[in-house]
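# Topology and contacts: notes
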Amino acid sequence: MLGYLLKRLIQMTLVLWVVSVIVFMMMSFTGDPVFMVVPIDATDAEIAQARRLLGLDQSILVQYWKFLTNLLQGDFGYSYVFRQPAMTLILERMPATVEMVLVAMVLAIVVAIPLGVYSGANHNGRMSRTIMAGSLLGISLPGFWVGMVLIYVFAVSWGIFPSSGRGDTAEFLGLRISLLTWDGWHHIILPAVTLSLGTMAILLRMTRAGMMEVGRQDFMKFARAKGATRRDVLYKHGLKNALIPVVTIFGLQLGDLIAFATITETIFSWPGMGKLLIDSIYRADRPVIVVYLMLVALIFVVINFLVDIVYTLIDPRITLK
Amino acid sequence: MPMTRFLSSEFFHNYKRSASAIIGSTLMLLFAFAVIAGPFLVAQNPYDIAALDLMDSYKPPIWLEGGDPRFPLGTDGQGRDVWASILYGARISVFIGLVAMVASCTIGTLLGLIAGFYGGIIDSVIMRIADIQLSFPSILIALFLMSAVGTGVDKVLIALTAVGWVVYARTVRGSTLSEIEKEYVQAARVAGLPNSKIIRKHVLPNVLTPLIVIGTIQVGTFVLIEASLSFLGVGVPITQPSLGLLIKNGFDVLFSGLWWTSVFPGFAIMMLVFGINLFGDFLRDELNPRLK
């Protein structure tokens, strides 16, 4: 186990390093951020000075080395636009994104797992077919468009929900949390529903496929034969065994949710780190983009690692090597 | 007669009995028709500024008050017919989806064959890149690439291909590994055929089947990713508005209650991708021998 952890740790570091190289290279070969910093009427001398201050006059390798050593020392550079540490900017906005992703995830699970179990257990029924067609439609929808339709119906036409922003937040452990206020819940519902649809559809389909696969196996027949209730057969015996592929997808979906949060946040003007990324892309605010990508890469690598650990907890037959 | 053989095949028999396959393929055919014949179906060319009249701007769909029979789905701020924009926009969306899929499939298959057939260091390198890439959501990689290279149809194609090849490479490598163990490949080797010929004539035809399903569904995925990128303003340029860009333009006036300029293009995307997914699901069940 210890050997496995060590191996994984090295792998994870390697992945992050590769990502840092790719991100840095892509950023370095595109556009000149100097013009983001200097005023429009800047003289050549001022531009050259700004370039020197940003360290952009040095060779790519020197720049990368500086970037990497700064990264390792926890110095992630300053935003060209906000003149604040890029990391602070992102961390400030992270709670907003995390809570939206979490609410979306919970929504997806609460709807998808029971429906998936149901339609897997009665896979030829009319109801099950309707659920499946609905889930396929869920996969085929452009997420941002759903958000717009929701805004139009619930915010513009009916005025039940706010169309943008995060609403009131309450302080908790030094973080600003929407979920602690009614107004916050009021604001989070539309974006979270928008974000959850795709994941909901995919989790549903995976659960259904898993349940159908498991349903054919002998231990399910045995559980039924020994007189366990239908509920117990499905949830205790069936679902537990059907969950393994679902957990894999779950990890990937968490990543997808973080990625799609950028779009959802843009539509709903949700002040999270995804919106910051999109805004930074428009403004060519390189340090923020780089920090966002590195941070998200770290999150993904950790999620993948946790998913592997969770496997062993669900299925003792799997051992980590 | 190949046609009668097809009509009496198991595939066609199952197709006739599957409602989702019929609906899916009908939707796909409708879009194929719209994409090819689109410009001949509408009077107005939405890209031709001379054909636009500002007096026609923001007309609602015909069934609403103030609707104009010339514009069944209403018009946008420049007096552009929404229906015509959708037909023209679908061309760009479908073109991007198809071309990026073919490019991904070609590159991915090639790399997968090489990795699986030769193994060793080439295999490790290709597969590690694939692993790293797969741990990130495609949309994020595409978004990052587009943010670095700027907008343009060609750049969208590159970004999508960079994201899309992985799934083919993995699948093909897997099937190649199992194929080269089989006797017919061993026989070809013993017969002294060069590697390139073994790969092309013997391995390739036997690893292609699963790619049909992946390719079909990927076109839908690509249409969605392209739409998202364009919606965020890092996809296609304004001069070549895809369905996604139409939605973005419509979003800007949504709060004024002018919903039709964004809702209908989104509906078109949904129908297109839904059709592709329905048919793709049917193909997967048909082509997967394990499920039979």
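Reading the values: the criteria
Residues numbered from 1 in each chain as written. Chains lettered and ligands numbered in written order. Predicted model: local features only at pLDDT ≥ 70, side-chain atom pairs only at ≥ 80, totals over all residues. Helix = DSSP H or I, 4+ residues; strand = E, 2+ residues; numbered from the N terminus. Buried ≥ 20, exposed ≤ 12 C-beta atoms within 10 Å, placed from the backbone. Contact = placed C-beta atoms within 7 Å. Axes fitted to C-alpha atoms, helices over the stretch in contact; angles between N-to-C directions. Parallel < 35°, antiparallel > 145°, perpendicular 65-115°, else oblique. Nonpolar A, V, L, I, M, F, W, Y, C, P; charged D, E, K, R; others polar. Left-handed = near helix turned anticlockwise from the far one by under 90°. Core = buried A, V, L, I, M, F, W, Y, C linked by C-beta atoms within 7 Å. Expected span 1.5 Å × (residues − 1).

### Topic: the overall build of chain B
- Check the secondary structure of chain B and you find twelve helices and zero strands.
- With the principal axes as the frame, chain B shows a C-alpha extent of 75 × 50 × 30 Å.
- Taking all 292 residues of chain B together, 46% fall into the buried category.
- A sequence separation of at least 24 residues applies to 69% of the contacts in chain B between residues at least 6 apart.

### Looking at unusual backbone geometry
Residue and element names in this part refer to chain A.
- Here arginine 83, not a glycine, exhibits a phi torsion of approximately 55°, which is positive.
- Phi at serine 269 takes a positive value of approximately 45°, unusual for a residue other than glycine.
- Residue position: serine 269 is located in the loop between α10 (230–268) and α11 (273–282).

### Brief notes about helix α11 (residues 243–251) of chain B
- Among the nine residues of α11 of chain B, nine are classified as buried, and the element is accordingly described as predominantly covered.
- Burial in α11 of chain B covers these residues: Leu243, Gly244, Leu245, Leu246, Ile247, Lys248, Asn249, Gly250 and Phe251 of chain B.

### Here's the deal with the packing of α10 of chain A against α11 of chain A
Residues and elements named next belong to chain A.
- Axis separation between α10 and α11 bottoms out at 7 Å; the angle between their running directions is 85°. Taken together, α10 and α11 sit at an angle that is classed as roughly perpendicular. Facing α10, whose interface residues are Ala261, Thr262, Glu265 and Thr266, α11 presents Gly274, Lys275, Leu277 and Ile278.
- Here the contact of α10 with α11 is built from residues that sort into three nonpolar, three polar and two charged.

### Side note on the interface of chain B and chain A
- Contact residues are listed per partner, giving 34 residues for chain B and 32 residues for chain A.
- Listed by contribution, the elements that provide at least two residues to the side of chain B that touches chain A are α6 (138–149), α10 (209–231), α11 and α12 (260–287) of chain B.
- Looking at which element gives the most residues to the side of chain B that touches chain A, the answer is α12 of chain B, with ten residues.
- Each residue belonging to the side of chain B that touches chain A can be placed in one class, and the counts come to 25 nonpolar, eight polar and one charged.

### Brief notes about the packing of helix α7 (residues 153–179) of chain B against α10 of chain B
All names here are of chain B.
- Running from amino to carboxyl end, α7 crosses α10 at an angle of 155°, the nearest separation of the two axes being 11 Å. Judged by the inter-axis angle, α7 sits roughly antiparallel to α10. As for the relative orientation of α7 and α10, their crossing is right-handed in sense. Mapping the contact onto sequence places Val156, Leu160, Gly164, Val167, Tyr168, Thr171 and Ser175 in α7 and Pro210, Leu211, Ile214, Gln218, Phe222, Ile225, Glu226 and Leu229 in α10.
- Here the contact of α7 with α10 is composed, by residue class, of ten nonpolar, four polar and one charged.

### Quick look at the nonpolar core
- By size, the foremost hydrophobic cluster in this structure holds 163 residues, and its most contacted members are Met100 of chain A together with Ala142 of chain B.
- Of all the elements, helix α4 (residues 82–118) of chain B adds the most residues to this core, at 17 residues.
- Every residue in contact with alanine 142 of chain B, bar those within four places of it in the chain, is listed here: Ala159, Leu160, Val163, Ile225 and Leu229 of chain B.

### Regarding the environment of serine 135 of chain A
Residue and element names in this part refer to chain A.
- Following the sequence through the fold, serine 135 ends up in helix α6 (residues 126–140).
- The exposure class assigned to serine 135 is buried, which follows from the 22 C-beta atoms found within 10 Å.
- For the pair serine 135 and lysine 226, spaced 91 residues apart in sequence, the C-alpha separation works out to 34 Å.
- Once residues within four sequence positions are removed from consideration, serine 135 is found in contact with Ala201, Leu204 and Arg205.

### Quick look at α6 of chain B
Residues and elements named next belong to chain B.
- Spanning twelve residues, α6 covers 16 Å between terminal C-alpha atoms, matching the ideal 16 Å at 1.5 Å per step.
- Among the twelve residues that make up α6, ten are buried, leaving the element largely enclosed by the rest of the structure.
- Within the span of α6, buried status applies to Ser138, Ile139, Leu140, Ile141, Ala142, Leu143, Phe144, Met146, Ser147 and Ala148.
- Phi turns positive, to about 90°, at glycine 150, one or two residues after α6.

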